[in-house]
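What follows is each chain in one-letter form.
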Amino acid sequence: MFERRSLKWPITVGVVLIVLVVALTIGWVLLSFFGGQWLLAAIGAAVFCVVLLGVVFYLVLTIKEVNLNRRQSNFMDSITHELKSPIASLKLYLQTLTMRQVEENEREEFHRYMLEDVERLDALINHLLIAAHINKGGPLETPDEMELSSMLQQCAASVCMRYRTPPETVSLDLVPCLVRARQVDADLIFRNLIDNGIKYGGSPPRVEIVMRPREGGKVCVTVSDNGRGIPAHLRNKIFGRFVRLGFELQREKPGTGLGLHIVWSLVRRLKGKIRVKDAEDGIGAQFEVLLPGRAMETETAEVPGETEAS
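As the structure is a prediction and not an experimental result, all values here were calculated from the model. (Residues numbered from 1 in each chain as written. Predicted model: local features only at pLDDT ≥ 70, side-chain atom pairs only at ≥ 80, totals over all residues. Heavy atoms only, no water.)

**Student:** Explanation requested: the pattern of salt bridges in the structure shown.
**Tutor:** Pairing between side chains of opposite charge can happen when the charged atoms of each approach one another. Tallied over the entire structure, the rule returns 11 salt bridges. Measuring nitrogen to oxygen at the nearest pair gives 2.9 Å for the salt bridge that ties Asp 187 to Arg 191. Of the two residues, Asp 187 and Arg 191 are both situated in helix H5 (residues 183–199); the distance of 4 residues between them amounts to about one turn of the helix. According to the relative accessible area criterion, Arg 191 is partly exposed, its value standing at 29%. The residue Arg 235 makes a salt bridge to Asp 278 at a minimum N-O spacing of 2.5 Å. Of this pair, Arg 235 sits in the loop between strand E5 (218–225) and helix H6 (259–269) while Asp 278 sits in strand E6 (residues 273–278), and the two are 43 residues apart along the sequence. You can call Asp 278 partly exposed: its relative accessible area is 43%. (Salt bridge = Lys/Arg side-chain N within 4 Å of Asp/Glu carboxyl O. Helix = DSSP H or I, 4+ residues; strand = E, 2+ residues; numbered from the N terminus. Buried < 20%, exposed > 50% of the residue type's maximum accessible area, 1.4 Å probe, protein only.)

**Student:** How should I be thinking about the pairing of strand E4 (residues 207–214) in this particular structure?
**Tutor:** The side chains of a regular strand alternate between the sheet's two faces. Direction of pairing for strand E2 (residues 170–174) relative to E4: parallel, over a ladder of 5 bridges. Its bridge partner lying in E4, Leu 172 is registered against Ile 209. Both E4 and E5 contribute to a ladder of 8 bridges, which runs antiparallel. Bridge assignment links Ile 209 to a residue of E5, and that residue is Val 223. As consecutive antiparallel partners, E4 and E5 are separated by 3 residues, and within that stretch Gly 216 has a phi angle of approximately 85 degrees, a positive value. (Pairing = 2+ DSSP bridges.)

**Student:** Help me out: how do you make sense of the environment of Gly 202 in this one?
**Tutor:** Counting through the fold element by element, Gly 202 comes out in the loop between H5 and E4. On the basis of relative accessibility, which here comes to 24%, the residue Gly 202 falls in the partly exposed class. Sequence separation between Gly 202 and Asp 225 is 23 residues; the distance between their C-alpha atoms is 7.9 Å. In this view, Gly 202 contacts Asn 226 and Gly 227; residues no more than four positions away in its chain are not counted. (Contact = heavy atoms within 4.5 Å.)

**Student:** Explain the packing of helix H4 (residues 149–163) against H5 here, please?
**Tutor:** How two helices sit against one another is set out by the angle between their axes and by the gap between those axes. Direction vectors running N to C along H4 and H5 enclose 45 degrees, while the axes themselves pass 9 Å from each other. On the basis of the axis angle, H4 is oblique to H5. Considering the relative orientation of H4 and H5, their crossing is right-handed. Residues Met 151, Leu 152, Cys 155, Ala 156, Ser 158, Val 159, Cys 160, Arg 162 and Tyr 163 of H4 pack against Gln 183, Ala 186, Asp 187, Phe 190, Arg 191, Ile 194, Asp 195, Ile 198 and Lys 199 of H5. Considered class by class, the residues forming the contact of H4 with H5 number 11 nonpolar, 2 polar and 5 charged. (Axes fitted to C-alpha atoms, helices over the stretch in contact; angles between N-to-C directions. Parallel < 35°, antiparallel > 145°, perpendicular 65-115°, else oblique. Left-handed = near helix turned anticlockwise from the far one by under 90°. Nonpolar A, V, L, I, M, F, W, Y, C, P; charged D, E, K, R; others polar.)

**Student:** What is the right way to look at unusual backbone geometry in this model?
**Tutor:** With glycine set apart, most residues show a phi of negative sign, and most peptide bonds adopt trans. For the peptide bond that leads from Ser 203 to Pro 204, omega is 0 degrees, which places it in the cis range. With respect to the secondary-structure elements, Pro 204 resides in the loop between H5 and E4. At Arg 164, a position not held by glycine, the phi torsion is positive, near 55 degrees. Under the relative-accessibility criterion, Arg 164 is labelled partly exposed at 47%. One non-glycine residue, Lys 271, lies in the positive phi region at around 60 degrees. Take Lys 271: it is sitting in the loop between H6 and E6. For Lys 271, a relative accessible area of 67% gives the class exposed.

**Student:** I tried to follow the packing of aromatic side chains on my own but got confused; where do I start?
**Tutor:** Geometrically, a pair of aromatic rings is defined through the distance of the ring centres and the angle of the planes. Inspection of every chain in the model, using the stated rule, returns 3 aromatic pairs. Arranged with centres 5.0 Å apart and planes meeting at 45 degrees, the rings of Tyr 93 and Phe 110 form a pair that is tilted. Separated by 17 residues along the polypeptide, Tyr 93 in helix H2 (residues 37–99) and Phe 110 in helix H3 (residues 104–136) bring together distant segments of the chain. As far as burial versus exposure is concerned, Tyr 93 and Phe 110 are alike and both buried. Plain terms: the ring middles of Phe 239 and Phe 287 are 6.4 Å apart, the flat faces sit at 85 degrees to each other, and that makes the pair edge-to-face. Taken as a pair, Phe 239 in the loop between E5 and H6 and Phe 287 in strand E7 (residues 285–295) lie far apart in primary sequence, 48 residues in all. For the pair shown, Phe 239 and Phe 287 are each scored as buried. Aromatic ring contacts, followed pair by pair, group Tyr 93, Phe 110 and Tyr 113 into a single cluster. In this structure, Arg 112 is placed above the aromatic ring of Tyr 113, and the distance from its NZ or CZ to the ring centre is 5.0 Å. (Phe/Tyr/Trp six-rings, centres within 6.5 Å; stacked < 30°, edge-to-face > 60°. Lys NZ or Arg CZ within 6 Å of the ring centre and 35° of its normal.)

This is a description of form; function is not addressed.
Structural data, given as structure tokens:
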């Protein structure tokens, strides 16, 4: 899961800088002894520029390493919380059921809560496994065309059920389209985006999904929420691994910082694009996903929510 950074580059840069500084010092001494001030100035200036570039490069490597360590520290904090919270909840319910008799309706409620905790742990483990699998790379199966409208409806209903929000929390405006993607990949992409929209949305949350075909063999799906939005200078960073805005121990929302990284990685592997911008009404964030695809033929397209008359 954690990226094993090689020390080859930092060590190489450090050794080269030391050698250049030593060579520059010895060269100045020799040239000063034998004369040749113009040659001394030219060589000194060239070596100084190389050393300066090396220092800048070394500084960039150091900053990247510090940022990675900070993200990994946040990740460990979030994983610890995500594991401890449902486990503590399960332990409490099981101890209660073991130590005393409870009413049947209370027992059913306990079972429902325990099932939700187990599903939360299962989702966490799945995210970790998926992220590890994506980062390994490897050949990608050739995706077939799939109809996306019904899958988006299923994702919306599933996420609303998970957060116990009414179905109208997620509004859908869909033109039936076919996209070139595996069902499991498309499900992960849009389930994560809808989940984020509800989790970080306003009070009450509101998510809007719009799907339209685009020129050039593309299908555009936008997922908008009514939350706080994402600052412009952070929009390119949120798709990195372990990235969550703010300090981990001060957050109220659960998460590991892997959801958007999984989304970005899957969209890229499907030869698509994803970007985030302000929602059209200026409130919240809007994620725009472009995937290879096309509109369904008129005679075969079905309007979501309608059934064939008998």
